[in-house]
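# Descriptive structure summary
Next come the chains, spelled out residue by residue.
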Amino acid sequence: MLSRMDRRHFVSALAGATAAPGLSSLLAPAPAFAPGAIRRLVDAADVAKSRGVDLIRADAPAWAGSAALDTAFASDEEFWEPVQRAFDLDRTWINLNNGGCSPAPTHVMEQLFRDLKYSNELPVIQMWRDLEPRIEIVRRELASEFGCDIEEMAITRNASESLETLIFGLDLKAGDEVVVSNQNYPRMLTAWRQRARRDGIVVKEISFPVPTTTPHLITDKFAAAITPRTKVIEFPHITNLTGQILPVHDIVAMARAKNVQVLVDGAHAFAQFPFKRDELGVDYYGTSLHKWLLAPIGTGFLYVRKDKQKSIWPLFAAGADQDDNIRKFEEIGTHPAANHNAIAVSMTFHRALGAGRKFARLTYLRDRWAKRLLAEGQGRVKILTPLDSPWGGGIGNFSVDGLDPAKLGNWLFGNHRIVNTPITHAEFSGIRITPNVYTTLDEIDRFSELVLRAIKSGIA
Ligand SMILES: Cc1ncc(COP(=O)(O)O)c(C=O)c1O
């Protein structure tokens, strides 16, 4: 058990993300956390301590969990049970589409509602003067988590805004070539194609097999597509289709040697699995935070390396004096401060879980259904995601010989209230399954049993 001192330290550490010393003069009344939410996290910390892992460390950030993959906790239901209770959910559904967009924990939503209410009392003072400056605290925390300088981190509303800022912000002229993969997120492909129609750039697509367990093959394909006219490569860190992780570091190194810029779409990567900027070597990176960080809907970030900022035009105009100021990417007009401020609360939750422990749990949940379907699915199941490999994570995609994914997905959804994502790509199809930290083993098992039933008896 945690001592009372430990508990107090843990709770104040949780609050600390929004009430940092030095910036406290900028802040409106310190956020109060819902007692229930805190109690659940303290419960999880108790369980952690009884397993010999101290979530409460004296060095800052005090509550930061292990950044290493922590498999010891992956199957510890006593640890995850209070985490499951930290969300207000409709449990009459089994939500296995957290990749689209995830619910935020209850205490994150409460912070959001408090700030919205406070803003509305006197927006020009409470929102603009009191709450908006807290974006600097969020910037600091995100920069620390990603491993970049504070002056390299812009807060956006989603990955689309971050990536489109880059896609439309780079100076390119007719005939310049851009290389993408045909597994890029469709909106980014649409953005490039619009730029091709408008500016006459040339967009080339590479393709790669699913799953790919030897990702140097992907690096080689990008390398082979580069010509003397190639200026940019853009691709996802992890695909939304099958959860294939791409070798970002190697692609960046290969492209940099050829003077080609690399834009990385990290919509599904940040806070799903642990990594730092320097492990990737990227100059540009965009993500959503309403997927795996569990922040409120309408949150994201854009990282641009300091010496690259001047060369990217913002989507919303900014003055010349802001040319190399990362905040030029935040000139979006009037918007709620509540959404981006609540990112700090989600960050705290993420750190309390521990990035490594969280990823280990997501992988454990994926293996629980995927390996069972492989073992019991009469040899008809194919997993399109790398298993037992560093190139796969919490997202999994499966197909069943003889069962149409759209029909199977519809049957699971319409007849059994299981939210899933049928995927149809030109080169493969399957059903994407994305559980989350709040998903229970019973939910995973019910899904697996239904798929096995469909394999055995059909879905008619
Ligand atoms: C790989 C990838 N990139 C970008 C996006 C866009 O994210 P958002 O809609 O949050 O902007 C998604 C959304 O699913 C995605 O999967």
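This report concerns the structure included in the present document. These numbers come from a predicted model, not from an experiment.

Rules used throughout
- Residues numbered from 1 in each chain as written.
- Predicted model: local features only at pLDDT ≥ 70, side-chain atom pairs only at ≥ 80, totals over all residues.
- Heavy atoms only, no water.
- Phe/Tyr/Trp six-rings, centres within 6.5 Å; stacked < 30°, edge-to-face > 60°.
- Helix = DSSP H or I, 4+ residues; strand = E, 2+ residues; numbered from the N terminus.
- Buried < 20%, exposed > 50% of the residue type's maximum accessible area, 1.4 Å probe, protein only.
- Lys NZ or Arg CZ within 6 Å of the ring centre and 35° of its normal.
- Arc of directions from axis to C-beta.
- Patch = residues over 30% accessible without salt bridge, like charges linked within 9 Å, V, L, I, M, F, W, Y side chains within 5 Å.
- Areas by Shrake-Rupley, 256 points an atom, 1.4 Å probe, with all protein chains shown as cover.
- Salt bridge = Lys/Arg side-chain N within 4 Å of Asp/Glu carboxyl O.
- Core = buried A, V, L, I, M, F, W, Y, C linked by side-chain atoms within 4.5 Å.
- Domains from an automatic or database assignment.
- Contact = heavy atoms within 4.5 Å.
- Polar contact = N/O pair within 3.5 Å; in protein donor to acceptor, adjacent residues only side chain to side chain.
- Expected span 1.5 Å × (residues − 1).
- Near = heavy atom within 4 Å.
- Nonpolar A, V, L, I, M, F, W, Y, C, P; charged D, E, K, R; others polar.
- Pairing = 2+ DSSP bridges.
- Axes fitted to C-alpha atoms, helices over the stretch in contact; angles between N-to-C directions.

Next up on the list: the packing of aromatic side chains. Under the counting rule described, the total for this entry stands at 18 aromatic pairs. Ring geometry for F270 versus F301: centroids 4.9 Å apart, planes at 80 degrees, classification edge-to-face. A residue pair is termed long-range when its members are at least 10 positions apart, and F270 in the loop between strand 6 (261-265) and helix 11 (277-280) and F301 in strand 8 (residues 300-304) qualify at 31 residues. A relative accessible area of 4% places F270 in the buried class. A cation over an aromatic ring shows up here: R357 above the ring of F73, its NZ or CZ 5.4 Å from the ring centre.

Our next topic: helix 5 (residues 123-131). All buried positions along helix 5 are accounted for by Q126, M127, D130 and L131. The arc that holds every buried residue of helix 5, seen down its axis, measures 110 degrees, which confines them to one face.

A cluster of nonpolar residues, L122, V124 and W128, forms a patch on the protein surface that exposes about 300 Å² of accessible area. With respect to the helices, strands and loops of the structure, V124 is situated in helix 5.

In this structure, L142, F146, F222, I233, F270 and Y285 are the most contacted members of the largest nonpolar core, which totals 48 residues. In this structure, this core is formed jointly by two domains, domain 1 (133-346) and domain 2 (357-457), each of which donates at least three residues. Contacts of I233, omitting those with residues within four sequence positions, involve V179, F222, I226, I251, M254, A255, V260, Q261, V262 and L263. Among the nonpolar cores identified, the runner-up in size contains 26 residues, and L403, W411, I431 and L441 belong to it.

With respect to the helices and strands, the residue H425 is situated in the loop between strand 12 (421-424) and strand 13 (429-433). A polar contact is formed between the side chain of H425 and the backbone oxygen of N182, at a distance of 2.7 Å. Apart from the residues within four sequence positions on either side, H425 is in contact with N182, Q183 and L241.

The end-to-end C-alpha distance of helix 4 (residues 106-121) is 23 Å, a good match for the 22 Å that 16 residues give at a rise of 1.5 Å each. Buried residues of helix 4: T106, H107, V108, Q111, L112, D115, Y118 and S119, and no others.

The next thing to look at is the site of the ligand. Within the structure, the ligand sits among 13 residues, and S160, D265, S288, H290 and K291 are positioned closest to it. Residue S160 places a side-chain N or O atom 2.5 Å away from an oxygen atom belonging to the ligand. Within the side chain of D265, an N or O atom sits 2.6 Å from a nitrogen atom of the ligand. For the ligand, the accessible surface in isolation is 390 Å², of which the surrounding protein chains cover 91%. Mapped by element, the contributors of at least two residues to the shell around the ligand are helix 7 (159-169) and helix 8 (186-199). Broken down by class, the residue content of the shell around the ligand amounts to four nonpolar, six polar and three charged.

Time to look at the sheet that holds strand 4 (residues 202-206). As summarised here, the arrangement of the seven strands in space is 2-8-7-6-5-3-4, forming an open sheet in which the pairing is mixed. Unpaired on one side and paired on the other, strand 2 (153-156) and strand 4 mark the two borders of the sheet. Strand-to-strand twist in this sheet, taken as the mean axis angle between neighbours without regard to direction, amounts to 20 degrees. Across five bridges, the pairing between strand 3 (residues 177-181) and strand 4 is parallel. Note that in strand 4 the partner of V180 across the bridge is E205.

Okay, the pairing of strand 2 next. Burial of the side chains of strand 2 extends over both faces: M153 and I155 are buried on one face and A154 and T156 on the other. Where strand 2 meets strand 8, four bridges bridge the pair, whose relative direction is antiparallel. From the neighbouring strand, M153 faces strand 8, where its bridge partner is Y303.

In this structure, the amide linkage connecting V210 to the following residue, P211, adopts the cis form with an omega of -10 degrees. In this structure, L294 takes a positive phi of about 70 degrees despite not being glycine. Here L294 shows up in the loop between strand 7 (284-288) and strand 8. Of note in the backbone geometry, D388 takes a positive phi value of approximately 50 degrees without being a glycine. Tracing the backbone through its elements, the reader meets D388 in the loop between strand 9 (381-383) and strand 10 (396-400).

Taken in spatial order, the four strands make up an open sheet running 9-10-13-12, and their pairing is antiparallel. In this open sheet, the two edge strands, each paired with only one partner strand, are strand 9 and strand 12. Each strand axis lies, on average, 35 degrees off the axis of its neighbour in the sheet, ignoring direction. Pairing between strand 10 and strand 13: three bridges, direction antiparallel. Bridged to G396 within strand 13 is I433. Helix-sheet contacts for helix 16 (residues 441-457) involve strand 9, strand 10 and strand 13, and the interaxial angle to strand 10 is about 20 degrees.

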